[in-house]
Amino acid sequence: AFLGTCSITTGGACSIATSALAAGSHSIVARYAGDVNRAASTSASFTQTVAKVATATTMSASATSLTYGTAVTFTISVSSGDGSVATGSISLSDGAATVGTCVLASGACTITTSSLTAGDHALVARYAGDANRLASASDPLVASVGQAMPTVSLAVTPSPATYGSQITLSGT
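Quick summary incoming for the structure in this document. (Residues numbered from 1 in each chain as written. Predicted model: local features only at pLDDT ≥ 70, side-chain atom pairs only at ≥ 80, totals over all residues. Heavy atoms only, no water.)

The next point concerns the environment of S7. Structurally, the position occupied by S7 is in the segment before strand 1 (24-28). Once the C-alpha coordinates of S7 and S115 are considered, the two residues, 108 residues apart in sequence, prove to be 63 Å apart. For S7, the contacting residues outside a window of four places in its chain are A13 and C14. (Helix = DSSP H or I, 4+ residues; strand = E, 2+ residues; numbered from the N terminus. Contact = heavy atoms within 4.5 Å.)

See the structure below:
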């Protein structure tokens, strides 16, 4: 990729500043086009390694104390050490089980679920990283899910009943 041009100073030097290099190794050469008095020339190749940027993943929840069957929304954000916007995907896990996934948009995404079972869950959001950013994980967020209280009803037919007659009990 072309990085730019510069004017040679009276001292015979020039420099180019760029932030256009992606993470990875890059072979860079300088080319002098020459002039009336000097021939064109190309430098030896120089390998520049650009490291991936560190990231931090954070997560919040719409509720951390809820009842079984209630939907909860997790909001996950990924920030980059250089201030650039992270791209890629997030996986939300409860131990070894994956609760959900989402794709970052402007460095954030949400996952909504109502499938957490009764009990405490230490949930972790994991950012997979991308071409220029390192992977990272959030601190565990504990969601406490209480048992749902079902409504039980009983119907008796016929009601009232007479002695010796058959009755039917129906429960829901």
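Glancing now at the sheet that holds strand 7 (residues 72-80). With respect to topology, three strands assemble into an open sheet ordered 5-7-10, the strand pairing being antiparallel. Among the strands making up the open sheet, the edge pair consists of strand 5 (55-61) and strand 10 (108-113). Averaged over all pairs of adjacent strands, the angle between strand axes in this sheet comes to 20°, irrespective of strand direction. Looking at chain direction, strand 7 and strand 10 are connected through six bridges and run antiparallel. Directly across from V72, in strand 10, lies its bridge partner T113. (Pairing = 2+ DSSP bridges. Axes fitted to C-alpha atoms, helices over the stretch in contact; angles between N-to-C directions.)

Ranked by internal contacts, the top residues of the largest apolar core, which has 20 residues, are M59, F74, I76 and I90. At the level of secondary structure, the elements contributing two or more residues to this core comprise strand 7, strand 8 (89-94), strand 10, strand 11 (119-127) and strand 13 (141-146). When residues in this core are grouped by element, the largest group, four residues, is from strand 7. In this structure I76 touches T57, T58, M59, I90, C102, G107, A108, C109, I111 and A125, once residues within four positions along its chain are discounted. (Core = buried A, V, L, I, M, F, W, Y, C linked by side-chain atoms within 4.5 Å. Buried < 20%, exposed > 50% of the residue type's maximum accessible area, 1.4 Å probe, protein only.)

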